[in-house]
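Breakdown of the fold
What follows is the residue order along each chain.
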Amino acid sequence: IVSSGVFNMRGFAMVLGGDLTIPNGVDLVLSSSGIIDGQGNNLIFEGTGRILYDSHVSATLRNLRLKNVANHGSGKASLGIKREQQAWLNLQNAELWLSSNYSFTAARLYINNDVILSGTNSFIYTSTQQSVITSNGMLLVDQGTTFSFAPTTGSSGAKDLFAMADKTATLALDGATLIVSNTGMRLTRGTVLLDNAVVLRSGGGVSYDTSIIFGNSAAGSNSDVDIKLLSGAQVAVQGKIFYDGVN
């Protein structure tokens, strides 16, 4: 790719035979739904190079390592939404390597199979739409990386905007940090796996609604969360955590 342009996938898959680089200053706009299958290769963002989802586009990035994912200032980022309307980012067997802090601002995120967040920076979830770790999916926040949950909405449902489909869906923190804003964050149904030095930090005080919450007893035992601490887990709690399970 040497210049900005629009890519109409028309529901098909683009299979990479090698690394794909988005050069500095280039915007690649995905105007329709489809798949970019990396076949284990890299998608490399140089400078302010971007992939933009058009409104109402559902595109899947799979078998791919995305390198140098970052914010660029003025509301721009390596992965973004062209218009402030609904779009869907599906990640499948993918890794996002954060070269600086990155804000996910205006779409739904679906985690399929194994997805890794890496790099000693923050993935900041500010979208007001619900995202999901799907069945048999795992989001691994790797060592030194921070997942910051801070939806830009004051509604009571904000704490439920990051969901797990069922018990086979896993949020794994391996030497990572989970930071939750005063919206609170409630995790239900799935599995939370903790290993090495993990920090769980809530910044909204001591009330239930502004804390990190595991489970939802009002919804029954199907909303319970399994919490697994591996042998190397050292968990530091900063703020308030509620376990609200039935069992």
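Residues numbered from 1 in each chain as written. Predicted model: local features only at pLDDT ≥ 70, side-chain atom pairs only at ≥ 80, totals over all residues. Heavy atoms only, no water.

Remarks on the overall build of the protein chain
Of the regular secondary structure elements, the protein chain holds 0 helices and 27 strands. Taken over C-alpha atoms, the radius of gyration comes to 18 Å for the protein chain, in line with the 18 Å a tight globule of 247 residues would show. With respect to the principal axes defined by its C-alpha atoms, the protein chain has extents near 55 × 35 × 30 Å. Counting only contacts in the protein chain whose residues sit at least 6 apart along the sequence, the fraction spanning at least 24 positions is 60%. Carbon and sulfur atoms form 47% of the exposed surface of the protein chain, whose accessible area is close to 10,300 Å². Across the protein chain, the 16 positively charged side chains and the 17 negatively charged ones have centroids separated by 6 Å. (Helix = DSSP H or I, 4+ residues; strand = E, 2+ residues; numbered from the N terminus. Rg over C-alpha atoms; globule rule 2.2 N^0.38 Å. Contact = heavy atoms within 4.5 Å. Areas by Shrake-Rupley, 256 points an atom, 1.4 Å probe, with all protein chains shown as cover. Lys, Arg positive; Asp, Glu negative; His and termini not counted. Charge placed at Lys NZ, Arg CZ, Asp CG, Glu CD.)

What about the packing of aromatic side chains?
Aromatic ring pairs: the centre-centre distance and the angle between the two ring planes describe each pair. According to the stated counting rule, one finds 8 aromatic pairs in the structure shown. Taken together, a centroid distance of 5.6 Å and an interplanar angle of 55 degrees make the contact between tyrosine 102 and phenylalanine 123 tilted. Note that tyrosine 102 is positioned in strand S12 (residues 102–104) and phenylalanine 123 in strand S14 (residues 122–125), a separation of 21 residues in sequence. Three or more aromatic residues joined by ring pairs make a cluster, and in this case those are Tyr102, Phe104, Phe123, Tyr125, Phe147, Phe149 and Phe162. (Phe/Tyr/Trp six-rings, centres within 6.5 Å; stacked < 30°, edge-to-face > 60°.)

Points about the layout of surface pockets
Looking at the largest pocket, its volume works out to about 270 Å³. Those elements giving two or more residues to the lining of the largest pocket turn out to be strand S6 (50–53), strand S9 (76–77), strand S10 (79–81) and S12. Split into classes, the residues belonging to the lining of the largest pocket amount to 10 nonpolar, 5 polar and 4 charged. (1 Å grid on protein atoms, 1.4 Å probe; cavity = no way out; pocket = protein on both sides within 12 Å on 5 of 7 lines; lining within 4 Å. Points joined across faces, edges and corners; volume = space filled by probe spheres on them. Nonpolar A, V, L, I, M, F, W, Y, C, P; charged D, E, K, R; others polar.)

Some thoughts on the pattern of salt bridges
Taken as a whole and assessed by the stated rule, the structure comprises 5 salt bridges. Ionic pairing is found between aspartate 37 and arginine 62, a salt bridge with its closest N-O pair at 3.0 Å. Taken as a pair, aspartate 37 in strand S5 (residues 34–45) and arginine 62 in strand S7 (residues 58–69) lie far apart in primary sequence, 25 residues in all. Accessibility expressed as a relative area gives 24% for arginine 62, which makes it partly exposed. For glutamate 95, the salt bridge goes to arginine 65, with nearest N and O atoms at 3.6 Å. One end of the pair, glutamate 95, is in strand S11 (residues 88–98); the other, arginine 65, is in strand S7, and 30 residues separate them in sequence. (Salt bridge = Lys/Arg side-chain N within 4 Å of Asp/Glu carboxyl O. Buried < 20%, exposed > 50% of the residue type's maximum accessible area, 1.4 Å probe, protein only.)

A closer look at the pairing of S6
Of the two faces of S6, the one holding Arg50 and Leu52 and the one holding Ile51 and Tyr53 are both buried throughout. As judged from the 4 bridges shared by strand S4 (residues 27–30) and S6, these two strands associate in the parallel manner. Its bridge partner being in S6, aspartate 27 is matched across the sheet by arginine 50. Judged from the 3 bridges that link them, S6 and S10 form a sheet pairing that is parallel. Residue pairing in the sheet places tyrosine 53 in a bridge with isoleucine 81 of S10. (Pairing = 2+ DSSP bridges.)

Topic: the pairing of S7
Looking at chain direction, S5 and S7 are connected through 8 bridges and run parallel. Within S7, the residue paired with asparagine 42 across the bridge is arginine 65. In terms of strand pairing, S7 meets S11 through 10 bridges, oriented parallel. Considered in S11, the bridge of threonine 60 is made with asparagine 90.

Regarding the environment of alanine 13
Locating alanine 13 in the fold gives a position in strand S2 (residues 13–15). According to the relative accessible area criterion, alanine 13 is partly exposed, its value standing at 44%.

Here we look at the sheet that holds S10
The strands making up a sheet are joined through hydrogen bonds of the backbone, oriented either antiparallel or parallel. The 4 strands lie next to each other as S1-S4-S6-S10, forming an open sheet whose pairing is parallel. In this open sheet, the two strands that pair with only one neighbour each are strand S1 (5–7) and S10. When strand polarity is set aside, the average angle formed by the axes of neighbouring strands in this sheet is 30 degrees. (Axes fitted to C-alpha atoms, helices over the stretch in contact; angles between N-to-C directions.)

A short note on the side chain of serine 148
The topology assignment puts serine 148 in strand S17 (residues 146–149). Among the residues examined, serine 148 registers a relative accessible area of 13% and is labelled buried. Each residue touching serine 148, except ones within four places of it in the same chain, is listed here: Phe123, Ile124, Tyr125 and Ile179.

Spatial relationships are all this shows, so hold off on functional conclusions.
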